[in-house]
Amino acid sequence: MFYKNKMTLITDLTTSCSPTWCPGCGDFAIWAAFKNAAVAQDWNNLNTVLTAGIGCHGHLLNYVKIASVEGLHGRAIPLATGIKMANSRLNVFVFTGDGDSLAEGGNHFINACRRNHDITVILHDNAIYALTTGQTSPRSPHGFKSKSTPSGNIDEPISPVSLAIASGATFVAREYASHIPQLSELIVKANDHKGIAIIDVLQPCVSFSDLYTHDFYQQNTYYLSKDYDATNQTKAFEKSLEWGEKQIPLGIFYQVEKPSYEDQIIQIAQRPLVDKPPTKKDLSEIFKKYS
Amino acid sequence: MENQDIFRLSIGGQAGQGIKATGLLLAKIATRLGKHVYTYSEFPSLIKGGHNLIQVSISKEQVFAPSKSTDFWITLDQNTLNVHLAEFQDSCSIIFDEEKNYDFTRINKKANLFPIPLSKLSKDAGGSQIMSNTVALGVAIALLGADLQIFKDLLLDEFGSKGEETVKVNQLAAQNGYTYALEHFAEKKKNILFKEDVVEQKIVVNANDAVALGAIAAGLQFAAIYPMSPISNILHILASNQEKFGFIYKQPEDEIAAINMAIGASLAGARSMTATSGGGFGLMVEGLGLAAMTETPIVVIDGMRPGPATGLPTWSGQGDLRFVLHAHQGDFPRIVLAAGDPLEAFYLTMQAFNLADKYQTPVIVLIDKNICEHDQSMPFFDTANYAIDQGKFTTEKEAEFERYKLSADGISLRSIPGSGNFFIANSYEHATIGYDSEEIKDINSQMSKRMTKLVTCAANEDTSPKLYGPQNADVTIVSWGSNKGSILQALKDFPNVNYLHLTWMSPFPDKAVRAVLEKCKYIINLECNYSAVLAGLIKEKTGIEITDNFLKYDGRPFFPEEINEKLKSVLQK
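Just so it is clear, the structure is predicted and the values come from calculations on it, not from any experiment.

Attention now goes to the overall build of chain A. A tally of regular secondary structure across chain A gives nine helices and 10 strands. Here chain A has a C-alpha radius of gyration of 20 Å; the compact-globule value for 291 residues is 19 Å, and the two agree. Seen through its principal axes, chain A has C-alpha atoms that stretch 70 × 45 × 40 Å. Relative to its 291 residues, chain A shows a buried fraction of 61%. Within chain A, contacts between residues at least 6 apart in sequence are counted, and of these 72% link residues at least 24 apart.

Given below as structure tokens:
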């Protein structure tokens, strides 16, 4: 991984809070991967903002000393896009979950993808609602037994990778949380990408699900081959539908260069909106149109 | 009205016939002649077909409200005659297309009929059927004694950007109507639209215009607004002016995204707003609490329309007051203002941005359809006395930054991501830096800090209501929002009646309201809702119970005539 400089140290990112995640939770690995990427890329309080929705993932903001916004369940994406439009110079990260962005915030997920806002979305995908102690999520498979589906889940799951590709996202990838170095590298690539980057991060829920365990992911994931063409949207979509024994692809499914949403706003072509304080405007020209 | 000479002209036709645009042309002609105007329109939630009406009231003095009857009609469809039968004034004039076989038999009043070949004159000018309205307006201004040139000049100003040909065709259509009228009905010409001795330059605006212009003037930097009647014109004005003034307007996927985007932009340091109607506000409710909990400034406009669910999209109501006062779970401070006319909408919107910044909490501005879409003439808005106040705010790196630091006035220093300052803008209850906290001392101190801001606001701002009319009166009307216009219009006939107009709903000016109301001989509370919500609020805040509640909830505004009758019946008791 490319280290920009040593301005930001890992200790600079340390806060006074200790994680409250369950031992073995994938969130620890995502946290570590993000901090490593932040140190490598010198993401700090001068250039970066973090946002999160509600779920176990959201606690992460308490453990990284970079200015952040803990929003509402499902609403981290519109918050983040508002921040990005106002200050396009910031690296804007969204930490979200499968319940957060595929159920409650599904509409925002789809629309942010099609608009290609220049933000990075890290989707903590544990296929269950954990913070509310174990109900079925939009990622839980058909037949999945949980507190909300004691006789088995009737709903079919949805893949955030397929949804993102179909919605027009320009960078769509998947990793397994415990591949920490690879995930760090992917987060850096996602942030470097101009436009929206979606990373589906597979992680087990050690307390409420014995379906998608660390063992499961270690045995059933594989990396997309070196000759895989990530610029073909149709092929990428087809690949994204793959899921099963030894059949879970990891890596960048899809990446294309397109102008980001923010690149196309004339008002911020020269400098971010917030570089200047609000100023009182003279309306005398407009008033003439009303007389 | 008995004490004011008001001339009323109505144009009725189908949606898509340019009814409202024609009415606005007349309003501007009258304004350029030094008159005051008020326009009132009625239309269903349709784009084509259906019935549209605009009434333009013209007077030498300021006009505040519509009237129940009309002196002069341009009828472009049979429905105008059917729907508005009761509004045809005795000896009124009616312009209509002689080629159409309208049935006038149901009008049992004396009427001056002006059959005009509108379609033919329109085609002669090289225009389409839709330009019949321009021909008809040419006829009307001829019959009312106005100068054609002033109409032609206006058409140039209005259509100049659409090219020379468009201007030429419109001017010819106007001229054809004007000439035809003078050739055939010269003896019926009246001297109504004459130029006043003093002509002050005025604007013709509604509250949607006023909110958008007020926001721009106040330094708006970001707006996310999902379209909804009756406030969509706010976003149209913002969208078309964003590049000129350097702010961003974004159309979001829904109202939830609208308020969250605006909060995000505000957190990043941009002056931000959103706008909606009651149904959209319902979706924004969770965002309102987020702004309050994270102490993020945000201005939210609620343009009220009647009814729950989809209700009556194109009609007016005042049912949202309690909704915006209480929306969201838990306790948090909010500032709620209500505008009574476009002028108030302009100044309250400007003020709302400063209040949001100073008190770092949501500010809701209520307007209602009755002012959102009814244009009035008024002097150019004056922004000379306005200064942007961002309150306690820094973009500089602070030595020991605590975003939610406790303070006597409840307000802490606000900063932005990228400034070097670390903080968590946290929707969870939090300690001073923003970390999650469930400690009793943090819960209590942060709640108390937030709520103290409202006390600080009440102490620092002038929240008092305005009393119109004599200090002492036999009857006092108390009301809010767009009822102001019809009340002030009605008051012209009652020197012994005054009006208490409230613009601050939270923090509520309890002492000032009690001081006025406890001295009143007789109080009428007037509102456009079923439950008399303001009367309830007054009782809650002042202990004063108002028993005479004059209410209307049919989507139509109060007409001055109705208030007039009500006052007469009360005064006769």
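In this section: the overall build of chain B. The secondary structure content of chain B amounts to 18 helices and 21 strands. For chain B, the spread of C-alpha atoms along the three principal axes comes to 85 × 60 × 45 Å. Residue burial in chain B is summarised as follows: out of 573 residues, 64% are buried. Once local pairs closer than 6 in sequence are excluded, the contacts in chain B between residues at least 24 apart make up 71%. Within the structure as shown, chain B displays about 20700 Å² of accessible surface, and the carbon and sulfur contribution to it stands at 50%. Treating the 53 positive side-chain charges of chain B as one cloud and the 66 negative ones as another, the clouds have centres 3 Å apart.

Moving on to the packing of helix H1 (residues 26–41) of chain A against helix H6 (residues 180–192) of chain A. Working note: a packed helix pair is described by the angle between its axes plus the distance between those axes. Residues and elements named next belong to chain A. For the pair H1 and H6, interaxial distance at closest approach is 8 Å and the crossing angle is 55°. Classified by the angle between their axes, H1 and H6 sit oblique to one another. Crossing of H1 over H6 shows right-handed handedness. Within the contact between the two elements, H1 uses Ala29, Ile30, Ala32, Ala33, Phe34, Asn36, Ala37 and Gln41 and H6 uses Ile180, Leu183, Ser184, Ile187, Val188 and Asp192. Along the lines of polarity and charge, the residues of the contact of H1 with H6 split into 10 nonpolar, three polar and one charged.

Every contact between the two is made by 65 residues of chain B and, on the other side, 55 residues of chain A. Carbon and sulfur atoms supply 63% of the area buried between chain B and chain A, which totals about 5000 Å² over both sides. The tally of links from chain B across to chain A stands at two salt bridges. In this structure, the salt-bridge partner of Arg115(A) is Glu253(B), at a minimum N-O distance of 2.8 Å. For the pair chain B and chain A, the interface holds 23 residue pairs in polar contact (both at pLDDT 80 or more). Of all the secondary-structure elements, those providing two or more residues to the side of chain B that touches chain A are helix H1 (19–32), strand E7 (202–205), helix H7 (207–217), helix H8 (232–245), strand E9 (248–250), helix H9 (255–267), helix H10 (278–293) and strand E15 (424–426) of chain B.

Quick look at the packing of helix H4 (residues 132–143) of chain B against helix H5 (residues 148–159) of chain B now. Residues and elements named next belong to chain B. Packing of H4 against H5 brings their axes to within 10 Å, and their N-to-C directions diverge by 150°. One element, H4, and the other, H5, form an angle in the roughly antiparallel class. Relative to H5, the crossing made by H4 is right-handed. For the pair formed by H4 and H5, the contact residues are Thr134, Leu137, Gly138 and Ile141 on the first element and Leu148, Phe151 and Leu155 on the second. Looking at the contact of H4 with H5 residue by residue, the class counts come to five nonpolar, two polar and no charged.

Taken domain by domain, chain B comprises domain 1 (6–200), domain 2 (205–379), domain 3 (392–461) and domain 4 (466–572). One C-alpha centre belongs to domain 1 of chain B, the other to domain 3 of chain B, and the line joining them spans 58 Å.

Residues and elements named next belong to chain B. A rise of 1.5 Å per residue sets the reference length of helix H12 (residues 342–359), with its 18 residues, at 26 Å; its end C-alpha atoms lie 25 Å apart and thus fit the reference within 8%. Buried residues dominate H12, accounting for 14 of its 18 residues. Where H12 terminates, the next one or two residues include Gln360, which has phi positive at roughly 50°.

This part covers the nonpolar core. Residues Phe34(A), Ile187(A) and Met505(B) are the most contacted members of the largest nonpolar core, which totals 126 residues. For this core, the leading source of residues is H1(A), giving eight residues. Those residues in contact with Met505(B) that sit more than four places away from it in its chain are Leu321(B), Leu325(B), Val336(B), Ala338(B), Trp480(B), Leu534(B) and Leu537(B). With 54 residues, the next largest nonpolar core counts Ile234(B), Tyr249(B), Met273(B) and Phe353(B) among its residues.

Taken as a whole and assessed by the stated rule, the structure comprises 36 salt bridges over all chains. Across the pair Asp118(A) and Lys84(A) runs a salt bridge whose closest N-O atoms are separated by 3.9 Å. Residue Asp118(A) is found in the loop between helix H4 (106–115) and strand E4 (120–125), and its partner Lys84(A) is found in helix H2 (residues 76–86); the two are separated by 34 residues along the sequence. Judged by relative accessible area, Lys84(A) falls into the buried class, the value being 4%. Between Asp275(A) and Arg89(A) there is a salt bridge, with its nearest N and O atoms 2.7 Å apart. A residue pair is termed long-range when its members are at least 10 positions apart, and Asp275(A) in the loop between strand E10 (248–255) and helix H9 (284–289) and Arg89(A) in the loop between H2 and strand E3 (91–97) qualify at 186 residues. One network of salt bridges, in which partners are shared, links Arg75(A), Glu104(A) and Glu286(B).

What counts and what doesn't
- Residues numbered from 1 in each chain as written.
- Chains lettered and ligands numbered in written order.
- Predicted model: local features only at pLDDT ≥ 70, side-chain atom pairs only at ≥ 80, totals over all residues.
- Heavy atoms only, no water.
- Helix = DSSP H or I, 4+ residues; strand = E, 2+ residues; numbered from the N terminus.
- Rg over C-alpha atoms; globule rule 2.2 N^0.38 Å.
- Buried < 20%, exposed > 50% of the residue type's maximum accessible area, 1.4 Å probe, protein only.
- Contact = heavy atoms within 4.5 Å.
- Areas by Shrake-Rupley, 256 points an atom, 1.4 Å probe, with all protein chains shown as cover.
- Lys, Arg positive; Asp, Glu negative; His and termini not counted.
- Charge placed at Lys NZ, Arg CZ, Asp CG, Glu CD.
- Axes fitted to C-alpha atoms, helices over the stretch in contact; angles between N-to-C directions.
- Parallel < 35°, antiparallel > 145°, perpendicular 65-115°, else oblique.
- Left-handed = near helix turned anticlockwise from the far one by under 90°.
- Nonpolar A, V, L, I, M, F, W, Y, C, P; charged D, E, K, R; others polar.
- Buried area = accessible area lost by both parts, 1.4 Å probe.
- Salt bridge = Lys/Arg side-chain N within 4 Å of Asp/Glu carboxyl O.
- Polar contact = N/O pair within 3.5 Å; in protein donor to acceptor, adjacent residues only side chain to side chain.
- Domains from an automatic or database assignment.
- Expected span 1.5 Å × (residues − 1).
- Core = buried A, V, L, I, M, F, W, Y, C linked by side-chain atoms within 4.5 Å.

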